[in-house]
Structure formats: structure tokens, C-alpha cells
Amino acid sequence: MKNILVTGSTGLIGSLVIKHLKKTSNNLFCTYRNKPIKNYKKINWIKTKNFYSKSFNILKFDILLDLAWYDLDNYQSNSHIKSQVSEHFNLYKNLIKKNSKISIYSVGTCLEYGKREGILRENFKPRPIINYAIAKNLLRKKTLNLQNKKQFNFTWLRLFYMYGNNQPERTLYSQFLKTIKKKEKIFKMSKGEQFRDYLTVEKIALLIFKLVLKDSNFGNINLCSGKGVKIKNLVNKWKKKMNPKLKIERGALMMHKHEAYNFYGCNKKLNRILGSK
């Protein structure tokens, strides 16, 4: 039985991951900033502000799953670099003081790779462009430097693209759902010819859960499908399921300038660790 601490547990991914974790025999501790999730039994809720809680000075955690991050609707917010990197890193240092053998799982982003085309592998040198990705990469590097001194376990989970309910409003899927909810007749998007690597948020949560239970030192891992899908084909899939009569206006919007045209992740390492094909 291990003490597992989850930050960002009330968020999109976190709420799904802890559904799996609370079914295990481990002691589960979850942080929240405003309100904990109701009717979630077998969870010890910890209220925090900027990752500070007296509980962190008392309890000894075996595993940290750090899923927290804010300002995800603004990838260029100054908070990513100026505030959030230090907040997360200070949490890691404090937990390591209590248990130098802790396993830390933290979430990064495929945008750390920068504007690269084709398949993206974990050993590629990061070339982040936007503040969000720069901050994530900075946190990763600072934690690696600390690991060289303290020898704790560290796994960096690089998220690619996902879709599911309750995503930030800026995402493609949220915009699509908004169109459906408002019963609009037209959904505007880019040309949709670009390739991206998508998984459902439920699949992402399950992968994270399985990796956390391994309680090991994996380094960088791409959380991805290992294949690209054309955006227009993905949108057509959603359309067929939710509103076949919806008209898709492709080319109405521009692509994000910080993204390459066609890219997807290599998931060989992920599959090797989890024993998947």
C-alpha cells in the first residue's frame, strides 16, 4: 500500500485518473483549490494554494502525479514561465525532502518539440516556441537536474492531442460541441488537411493510471496513438455521430502559427512499457 498524491485531480484528466486510482488498495490524496469532487469516496482531499499545505510537511508520499496547470486557454500567458514553473518545482523539492525515493510523474506537452514535421520521438531535442511549452520544458530540465543530485524516480508524460467533454474552450472539440449545443448549422474550421495525433481523454487517463502503478523511472514518454489523423476526417467522425446534417466550412479559420503542419508521436516506448502492441 502506497501513499499517492495527485494534483490537478479535479481537472479534466485528473478526475478520470483518480476514478481508476481509488479502486486500488493505495492511500489516495488529492489536492483542490476551490471545491473537491463530491461523492468520490476513499479519497483524502487536501486544500492547497500555490501547492502549499501543512499536510505536505507531515505526510510522506511514495508517488506524486502532477496534473495541475492553469491558464491553458492562453498559451502565451506570462504565468506559465513566471509563476507556475517555480510553484511546481518547489512542490517537488518539498516532497523529496520527506521521501528521497519518491516517484514523480509530471505532464508535459508535444509542443515542447517545437515546429517539427513528421514523427516525434522522445529523444528529440526540445525546441519550444510558445510560453506554455517553454515553461513545461524548463520544469522538466530543472527536475532532471535535481534528480541528478537526489536520485528519485522521474517520468515526464508528453501529452499530444485529446478530445473529450469539459476541455478548455479553445480546443477543437470544445468548439465543435459548442456549435452542436447552440444548434448552429455551420461549423467553421481550418482546411483540416493537417495531421495530428489524437486520443480520447478517457484513453489518456487510463494510460496515465497504468504508468503510475508501475512506480518507476521512465524518463520522457509520449502519450499518443502513434499515428496521425487528418483533422477534417476527425471532425467528420464527430459530425456523423452527433449531427450528420451539420455543414462544415473548411478554410474559414487559420492554423496556429506555432504548430507544424503534419506531425504525430512515436508510441513504441509507451507500448513497450505497458506491454501493448
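In the block above lies the structure referred to throughout.
Residues numbered from 1 in each chain as written. Predicted model: local features only at pLDDT ≥ 70, side-chain atom pairs only at ≥ 80, totals over all residues. Heavy atoms only, no water.

### Some thoughts on the pattern of salt bridges
Pairing is possible between side chains that carry opposite charge, provided their charged atoms lie close to one another.
Then comes step 1: Under the defined criterion, the tally for this structure stands at 7 salt bridges.
Then comes step 2: The residue Lys230 makes a salt bridge to Glu193 at a minimum N-O spacing of 2.8 Å. Highlighted residues: Lys230 in strand S13 (residues 229-230) and Glu193 in the loop between strand S9 (186-189) and strand S10 (195-196), separated in sequence by 37 residues.
Then comes step 3: Given a relative accessible area of 27%, Glu193 falls into the partly exposed group.
Then comes step 4: Shared partners join several salt bridges into a network, and the residues in it are Glu112, Arg140 and Arg158. (Salt bridge = Lys/Arg side-chain N within 4 Å of Asp/Glu carboxyl O. Helix = DSSP H or I, 4+ residues; strand = E, 2+ residues; numbered from the N terminus. Buried < 20%, exposed > 50% of the residue type's maximum accessible area, 1.4 Å probe, protein only.)

### Structural notes on the packing of aromatic side chains
Then comes step 1: Considering all chains together, one arrives at 16 aromatic pairs under this definition.
Then comes step 2: Ring geometry for Tyr75 and Tyr132: centres 4.7 Å apart, planes at 10 degrees, overall stacked. Of this pair, Tyr75 sits in the loop between strand S4 (63-66) and helix H3 (79-98) while Tyr132 sits in helix H4 (residues 131-150), placing them 57 residues apart in sequence. Tyr132 matches Tyr75 in its accessibility class, with the two residues each being buried.
Then comes step 3: Between the NZ or CZ atom of Arg158 and the centre of the ring of Tyr113, over which it lies, the distance is 4.7 Å. (Phe/Tyr/Trp six-rings, centres within 6.5 Å; stacked < 30°, edge-to-face > 60°. Lys NZ or Arg CZ within 6 Å of the ring centre and 35° of its normal.)

### Focus: empty space enclosed by the protein
Then comes step 1: By the definition in use, this model includes 1 cavity of 30 Å³ or more.
Then comes step 2: Volume-wise, the largest cavity comes out at about 30 Å³.
Then comes step 3: Along the lines of polarity and charge, the residues of the lining of the largest cavity split into 6 nonpolar, 2 polar and 1 charged. (1 Å grid on protein atoms, 1.4 Å probe; cavity = no way out; pocket = protein on both sides within 12 Å on 5 of 7 lines; lining within 4 Å. Points joined across faces, edges and corners; volume = space filled by probe spheres on them. Nonpolar A, V, L, I, M, F, W, Y, C, P; charged D, E, K, R; others polar.)

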